[in-house]
There are 2 protein chains.
Amino acid sequence: MPEKDAAAPEGAQATPEGDAAAKAATEAGKAAEEAAAAAAPPPKQMKCVVLTGFGGIKMIKVQQKPEPKLAEGEVLIRAKACGMSFPDLMLRQGVIDNVPKPPLVMGFECAGLVEALGENTTGFNVGDRVIALSDYKAWAELVAVPATSVYKLPENVSWEDGACLLMNYVTAYILLFDLANLRKGQSILLHSAGGGVGQAILQLCSTVEDVTVFGTASAHKHESIKDRVTHLLDHNVDYVQEIRKVSSDGVDIVLDCLCGEDTNRGISVLKPMGKYLLYGSSNIVTGETKSFFSFAKSLHMPDNIVWWQVDKVNPIKLFDDNKSVGGFQLRRLMFRQGQHAYVRAVVDKIMDMYRHGKIRPVIDSIWAFEDVGEGMQKLHDRKNIGKILLDPSKEPAPKPEKSAEKEQAEGGENGGTEKSEPAVNGE
Amino acid sequence: MPEKDAAAPEGAQATPEGDAAAKAATEAGKAAEEAAAAAAPPPKQMKCVVLTGFGGIKMIKVQQKPEPKLAEGEVLIRAKACGMSFPDLMLRQGVIDNVPKPPLVMGFECAGLVEALGENTTGFNVGDRVIALSDYKAWAELVAVPATSVYKLPENVSWEDGACLLMNYVTAYILLFDLANLRKGQSILLHSAGGGVGQAILQLCSTVEDVTVFGTASAHKHESIKDRVTHLLDHNVDYVQEIRKVSSDGVDIVLDCLCGEDTNRGISVLKPMGKYLLYGSSNIVTGETKSFFSFAKSLHMPDNIVWWQVDKVNPIKLFDDNKSVGGFQLRRLMFRQGQHAYVRAVVDKIMDMYRHGKIRPVIDSIWAFEDVGEGMQKLHDRKNIGKILLDPSKEPAPKPEKSAEKEQAEGGENGGTEKSEPAVNGE
């Protein structure tokens, strides 16, 4: 505190007079400090979406928090649109890997403008349009992200489209082209074909000739995806049997975001040379908001991995059957395994496909931070067709006169702006 | 027996006279039969390599057998060169999957001339130069193979090169390009880098930019492969530790023909996004010729799969680690799973790479059928550098004056023609 030191004269002695002088100086210092504090602007606040503890939607609060301080190598982004995906739901319930300790700011991806740069941050300028993957903290007006997971967004891509391109399309691209190595004439079983990653996978599949897609989705999503799915199946049918009716030896590729018993069924329905890839475990998010938190917790092993129901695989059996089994998780790849250069190369390819009109994000709805619970309930109920976004500048939807609890119980669909532009929803 | 019927006059009665007449006729018939047999060409015989029972090299005999009869859709090939690979060794010891019942003619691949076509066989003409994958029976002067696993061999490809292209290069191609999806800048751990498949994999790796190969091989093979292997390691070192010294996070791809404990180590040394592929189990062929047969038999489960030492893998762990594990076995893909069209497309690509000089088989030695035991011993002892071939028309090497048993015990290296043409061995 330099002001206080300056107020105490140098060399003041510890005499009775000196004591009185020192006391006077201390009083003066306090007054000066208070004056300085009053004169300095208060620490700036920003609005953000905070998870206050694991559980139901009521654990999420919109709060004012101090603006993030930039660390070396970081980019400060003023968010214009934030993406929501299944891991957000799993985080809320505490069934995500490497469970962090709440309270925390939620959110894994956003699009926005570069507002400031940390020390030694290269590759970006203030004012750049960017999209970013963030290890939490992306659902805020301002987001500080290491430059390693920030990517430039071309002028002609909207904030909304930009906020859809990372979690879903990077996952879809890596699954199809790097891991499954999709080729002409092959067949795929895709679960949750109407969801965010599902829609991205369907679009990427259509860039390859003669691909047969067996897609499972809730019946109410069938209309929206029927043009891109060769054989549409309801989630609840015995899809292995349905596939074998069409293709007795099974499919070349299984992309599974469900896990559990579906993992065993997925591996069983593979053709010779077939590849099964697990990229999510949304089966554990199926119960009621209040009860499945404790249910899911009980499934956890000490290392935070859910092992339930999935049969272990012997590599010699894979050798014997000519099959492959693998898994993919983008957040872990980025934030635990640090594969930034690899992901950046994939983002470049996705931008290129966007530029050439090969992919076009499907947006389900856009919500104000204050209405995040409703957007999330829609995702939980599998009612979304395409991506759910948050817009930090959006005004919350006016609420009808009823208690918040009742509203939540109804999983309200009001409040979000349902996108209706044909260019987007027509996909 | 029409000759006999014709020799017994029609309507001959069973009277005493008739009996005598019948007897005379029978005698006459026998004489006629013998004469006919003498006049008709005897059923044609061919030389082939027969496994008389599972065990050591002495269970293999060169025998004369009737020429194969062509079934519908088959091609009869006069073999000019036959390929030997590790599955032949495993078959001899009875440690192969779907163990057949000896005696049987050995051999999984050959190159030769089309001698005849079965009924309704299309796509080939008598006189065509071909190579073939065969479900056993390929080590013979004449080989009958379904047209589905016969491929045309261009004029400019020698019989010897042709006999190297299927088991090794098809396996190498599928592993690297269809399953591991090898890309620029990636790293590979390859076991038995100096063997037949190993050499093929090394050549295919060099068609991709900037690939780092960690190759394990016996010390005496290092010289021959050092130009294509970035980091040469002895089979006996702790290769995981050696790899981590160079690349702390491991390798992108592990190609494992050893199995057992090497499977667990291979999966452990994978980078994020890494792929482990099991394509052989040569670790079980390591003991003495006489003792490891019973050893290996004891490892068999009822379904003929060797489960020893290999840890099972949980798909959720793969999801958590961003890893993939798979297996590949060409013979099973062809002869149990019937993926003929797929393999034919791969053979086309290999022929194309050969035509463009991108691959060039490395031939270790060529042996007469009678010297098959010596060639096989060399393979068993990992003394071969490149492919071991058999030539049905080759004269056996003159044997020094000693008992055959003593010779076998010594695993003689004499007898085979060591290839020394620079165009082949210079690889």
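No experiment lies behind these values; they were computed from the predicted model shown.

About the criteria used
- Residues numbered from 1 in each chain as written.
- Chains lettered and ligands numbered in written order.
- Predicted model: local features only at pLDDT ≥ 70, side-chain atom pairs only at ≥ 80, totals over all residues.
- Heavy atoms only, no water.
- Helix = DSSP H or I, 4+ residues; strand = E, 2+ residues; numbered from the N terminus.
- Buried < 20%, exposed > 50% of the residue type's maximum accessible area, 1.4 Å probe, protein only.
- Contact = heavy atoms within 4.5 Å.
- Areas by Shrake-Rupley, 256 points an atom, 1.4 Å probe, with all protein chains shown as cover.
- Least-squares fit on C-alpha atoms with pLDDT ≥ 70 in both.
- Buried area = accessible area lost by both parts, 1.4 Å probe.
- Salt bridge = Lys/Arg side-chain N within 4 Å of Asp/Glu carboxyl O.
- Pairing = 2+ DSSP bridges.
- Axes fitted to C-alpha atoms, helices over the stretch in contact; angles between N-to-C directions.
- Core = buried A, V, L, I, M, F, W, Y, C linked by side-chain atoms within 4.5 Å.
- Domains from an automatic or database assignment.
- Polar contact = N/O pair within 3.5 Å; in protein donor to acceptor, adjacent residues only side chain to side chain.
- pLDDT = per-residue confidence, 0-100.
- Phe/Tyr/Trp six-rings, centres within 6.5 Å; stacked < 30°, edge-to-face > 60°.

1. Some words on the overall build of chain A
A tally of regular secondary structure across chain A gives 16 helices and 17 strands. A buried classification covers 56% of the 427 residues belonging to chain A. Relative to all contacts within chain A whose residues are 6 or more apart in sequence, the contacts with residues 24 or more apart total 69%. Within the structure as shown, chain A displays about 18100 Å² of accessible surface, and the carbon and sulfur contribution to it stands at 52%.

2. Quick notes on the relation of the copies chain A and chain B
You can overlay chain A on chain B at an RMSD of 0.1 Å; the transform is a turn of 180 degrees with a shift of 0.0 Å along its axis. What the superposition gives is, in effect, a two-fold axis relating one chain to the other.

3. Some details on the interface of chain A and chain B
Contacts between the two partners involve 47 residues from chain A, matched on the other side by 46 residues from chain B. Around 4100 Å² of area is buried between chain A and chain B when both sides are counted, 60% of it from carbon and sulfur atoms. Applying the counting rule to chain A against chain B returns four salt bridges. A salt bridge links aspartate 320 of chain A to arginine 332 of chain B; its shortest N-O distance comes to 3.5 Å.

4. With respect to the sheet that holds strand 14 (residues 323-327) of chain A
The strand order across the open sheet formed by 12 strands is 11(A)-10(A)-9(A)-12(A)-13(A)-14(A)-14(B)-13(B)-12(B)-9(B)-10(B)-11(B), and the pairing between neighbours is mixed. Unpaired on one side and paired on the other, strand 11 (231-234) of chain A together with strand 11 (231-234) of chain B mark the two borders of the sheet. Strand-to-strand twist of the sheet, defined as the mean angle between neighbouring strand axes without regard to direction, takes the value 15 degrees. Relative to strand 13 (residues 270-278) of chain B, strand 12 (residues 251-256) of chain B runs parallel, the two being bridged by five bridges. Bridge pairing in strand 13 of chain B places aspartate 256 of chain B opposite leucine 278 of chain B.

5. Some details on the nonpolar core
Nonpolar side chains in soluble globular proteins tend to end up buried together. Counting residues in each nonpolar core, the largest one holds 108 residues, and the members touching the most others are Trp139, Ile201, Leu255 and Val343 of chain B. For this core, the domains that each give at least three residues are domain 1 (45-162 + 361-397) and domain 2 (165-355) of chain B. Sequence-distant contacts of isoleucine 201 of chain B, that is, excluding residues within four places in its chain, are made with Ala172, Leu175, Leu176, Leu190, Leu255 and Tyr279 of chain B. Core analysis: the second largest hydrophobic core is formed by 107 residues, Val130, Tyr136, Val208 and Ile388 of chain A among them.

6. A short note on the side chain of serine 324 of chain A
Looking at the secondary structure, you find serine 324 of chain A in strand 14. Setting aside residues no more than four positions away along its own chain, serine 324 of chain A makes contact with Leu270, Gly274, Lys275 and Tyr276 of chain A together with Leu179, Leu277, Val325, Gly326 and Gly327 of chain B.

7. Quick look at the pattern of salt bridges
In the structure shown here, the tally under the stated rule is 34 salt bridges over all chains. Between arginine 336 of chain B and aspartate 135 of chain B there is a salt bridge, with the nearest N and O atoms lying 3.6 Å from each other. Of this pair, arginine 336 of chain B sits in the loop between helix 12 (330-335) and helix 13 (340-355) while aspartate 135 of chain B sits in the loop between strand 6 (129-133) and strand 7 (142-146), and the two are 201 residues apart along the sequence. Among the ionic pairs, lysine 226 of chain B bridges to glutamate 223 of chain B, the shortest N-O distance being 3.2 Å. Residues joined by salt bridges that share partners form a network here, namely Glu223, Lys226 and Asp227 of chain A.

8. Observations regarding the domain arrangement of chain A
How large an interface is tends to be reported as the accessible area lost when its parts come together. Residue and element names in this part refer to chain A. Looking at the assigned domains, one finds that chain A contains domain 1 (45-162 + 361-397) and domain 2 (165-355). One C-alpha centre belongs to domain 1, the other to domain 2, and the line joining them spans 24 Å. Contact residues are listed per partner, giving 48 residues for domain 1 and 41 residues for domain 2. Taken over both partners, the interface formed by domain 1 and domain 2 buries close to 3700 Å², and the fraction arising from carbon and sulfur atoms is 60%. Three residues stand out in domain 1 for area buried against domain 2, namely Leu133, Tyr151 and Arg382, and they jointly supply 17% of the buried area on that side. Where domain 1 meets domain 2, there are one salt bridge. Seen at the junction of domain 1 and domain 2, the total is 13 residue pairs in polar contact (both at pLDDT 80 or more).

9. Digging into the confidence of the model for chain A
All names here are of chain A. Looking at chain A, the pLDDT average stands at 84 and 79% of residues meet or exceed 70. Note on residues 1-16: pLDDT under 50 across the span, and nine contacts to partners over four residues away in sequence or across chains. Per-residue pLDDT stays below 50 along residues 419-427; that stretch engages in 17 contacts with residues further than four places along the chain or on separate chains. Scoring the predicted complex yields pTM 0.83 and, for the interface, ipTM 0.82.

10. Let's talk about the sheet that holds strand 2 (residues 60-66) of chain A
Taken in spatial order, the three strands line up as 2-1-4 (chain A) in an open sheet, and their pairing is antiparallel. Only two strands of the sheet have a single partner each, and these edge strands are strand 2 and strand 4 (104-105) of chain A.

11. Quick look at the packing of aromatic side chains
Under the definition given, this model contains four aromatic pairs over all chains. Consider the rings of tyrosine 173 of chain A and phenylalanine 177 of chain A, whose centres lie 5.0 Å apart with planes at 65 degrees: the pair is edge-to-face. One end of the pair, tyrosine 173 of chain A, and the other, phenylalanine 177 of chain A, are both in helix 5 (residues 165-179), four residues apart, so they sit about a helical turn from each other. With a centroid separation of 5.2 Å and an interplanar angle of 50 degrees, the aromatic rings of phenylalanine 108 of chain B and tyrosine 136 of chain B are classed as tilted. Of this pair, phenylalanine 108 of chain B sits in the loop between strand 4 (104-105) and strand 5 (109-117) while tyrosine 136 of chain B is found in the loop between strand 6 and strand 7, placing the two residues 28 residues apart along the sequence. What makes phenylalanine 108 of chain B buried here is its relative accessible area of 1%.

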